[in-house]
Amino acid sequence: LDGVPVPLLFHVGVGPGVIAPQILAGLDFYPGGYPAMFGRQVGGILAAHTLEPAPRFSAEATLRALDAGAYVTAPLPAGRGSAFAAGRFSLTQAVLPLVTRDVNLGYWDYQAGASYRISGSERLRLLAFGAEDFLTQADGDEVKTLYSGEFHRVDLAYERGGAGAARPIRGSLFGPGAPEDAPPPGELRARLAATFGTDRTTVGGQGDLLATLGQVRALVE
């Protein structure tokens, strides 16, 4: 997602996606022979990029049988950009106890970000997102965690160029794309980004498996 690795794509494996569809601008699927910028992966690649939030106040709510969610946008002061926040929370914690009191299943996710224009061709973009799935079982008065998976990501990027600066190499050095994706002759487009993240996984109550991610990326055209 915007070059940030995502360890979990769907809640409980087959449920809704961990990223709100309102923030996605597009998705590229590489079944094999993916661009070198995604290096050291095995199998196919799903590469999504986010939509710049609308520079106005807006709100959207969703209510489904299994979960509820919301998505809001707002402009930044002085017309310098915009910000957004989205989230989803499962309702299974309220539904499952009506069927069984021994097992509980739930999930949640969040996404938040902002785009701040420094000048006509430069901007800063901040993106934070995370999610958790959990499955617990009651054993008398004790609640055991059968599975729990959680991750968080924070990405800060500096972008230089026109509207396509978020993906400066698409359609040129690293992959296919429409001719209009290429910058005009002599224009410098670049994206410099730093990412920090944490992962936590628990299986069968056997303790937590923790991981920390630190990443710096640079794309220049």
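Residues numbered from 1 in each chain as written. Predicted model: local features only at pLDDT ≥ 70, side-chain atom pairs only at ≥ 80, totals over all residues. Heavy atoms only, no water.

**Some details on the pattern of salt bridges**
Oppositely charged side chains are able to pair whenever their charged atoms sit close together.
At step 1: Tallying each qualifying case throughout the model produces 11 salt bridges.
At step 2: Between Glu159 and Arg123 there is a salt bridge whose closest N-O contact spans 2.7 Å. With Glu159 in strand β8 (residues 142–160) and Arg123 in strand β7 (residues 122–139), this residue pair connects regions lying 36 residues apart in the sequence.
At step 3: For Arg123, a relative accessible area of 12% gives the class buried.
At step 4: Here Glu159 makes a salt bridge to Arg191, at a shortest N to O gap of 2.7 Å. Placement of the pair is Glu159 in strand β8 and Arg191 in strand β9 (residues 190–203), with a sequence separation of 32 residues. The two residues Glu159 and Arg191 agree in class, both being buried.
At step 5: Each member of the salt-bridge network shares a partner with another, and the members are Glu52, Arg123, Arg125, Glu159 and Arg191. (Salt bridge = Lys/Arg side-chain N within 4 Å of Asp/Glu carboxyl O. Helix = DSSP H or I, 4+ residues; strand = E, 2+ residues; numbered from the N terminus. Buried < 20%, exposed > 50% of the residue type's maximum accessible area, 1.4 Å probe, protein only.)

**Considerations on empty space enclosed by the protein**
At step 1: Within the structure shown, the criterion is met by 1 cavity of 30 Å³ or more.
At step 2: Within this model, the largest cavity holds a volume of roughly 80 Å³.
At step 3: Among the secondary structure elements, those contributing two or more residues to the lining of the largest cavity are β6 (103–117) and β7.
At step 4: Along the lines of polarity and charge, the residues of the lining of the largest cavity split into 5 nonpolar, 3 polar and 4 charged. (1 Å grid on protein atoms, 1.4 Å probe; cavity = no way out; pocket = protein on both sides within 12 Å on 5 of 7 lines; lining within 4 Å. Points joined across faces, edges and corners; volume = space filled by probe spheres on them. Nonpolar A, V, L, I, M, F, W, Y, C, P; charged D, E, K, R; others polar.)

**Considerations on the side chain of Thr50**
At step 1: Summarising the element assignment, Thr50 is placed in strand β2 (residues 45–50).
At step 2: Within the structure, Thr50 has its side chain in polar contact with the side chain of Asp2 (distance 2.6 Å).
At step 3: A polar contact is formed between the side chain of Thr50 and the side chain of Arg125, at a distance of 3.1 Å. (Polar contact = N/O pair within 3.5 Å; in protein donor to acceptor, adjacent residues only side chain to side chain.)

**Some details on the packing of aromatic side chains**
At step 1: Enumeration over the complete set of coordinates arrives at 3 aromatic pairs.
At step 2: For the ring pair Trp108 and Tyr110, a centre distance of 6.2 Å and an interplane angle of 20 degrees mean the geometry is stacked.
At step 3: Trp108 sits in the partly exposed class, given a relative accessible area of 21%. (Phe/Tyr/Trp six-rings, centres within 6.5 Å; stacked < 30°, edge-to-face > 60°.)

**Remarks on the environment of Arg64**
At step 1: Tracing the chain through its elements places Arg64 in the loop between β3 (58–63) and β4 (67–75).
At step 2: Classification of Arg64 by relative accessible area gives partly exposed; the value is 43%.
At step 3: The sequence separation of Arg64 and Ser90 amounts to 26 residues, and the corresponding C-alpha distance is 9.2 Å.
At step 4: Here Asp67 takes part through its side chain, which lies 2.8 Å from a polar atom of the side chain of Arg64.

**Topic: the confidence of the model for the chain**
At step 1: Here the chain averages 84 in pLDDT, while 89% of its residues score no lower than 70.
At step 2: Overall, residues 168–179 carries pLDDT values under 50, and its contacts beyond four positions in sequence, including any with other chains, amount to 18 contacts. (pLDDT = per-residue confidence, 0-100. Contact = heavy atoms within 4.5 Å.)

**Brief notes about the sheet that holds strand β10 (residues 208–220)**
At step 1: The strand order β3-β4-β5-β6-β7-β8-β9-β10 describes an open sheet built from 8 strands, whose pairing is antiparallel. Every interior strand has two partners, whereas the edge strands, β3 and β10, have only one. Sheet twist, expressed as the average angle between the axes of neighbouring strands with direction ignored, equals 5 degrees.
At step 2: As judged from the 13 bridges shared by β9 and β10, these two strands associate in the antiparallel manner. Bridge assignment links Gly197 to a residue of β10, and that residue is Leu213. (Pairing = 2+ DSSP bridges. Axes fitted to C-alpha atoms, helices over the stretch in contact; angles between N-to-C directions.)

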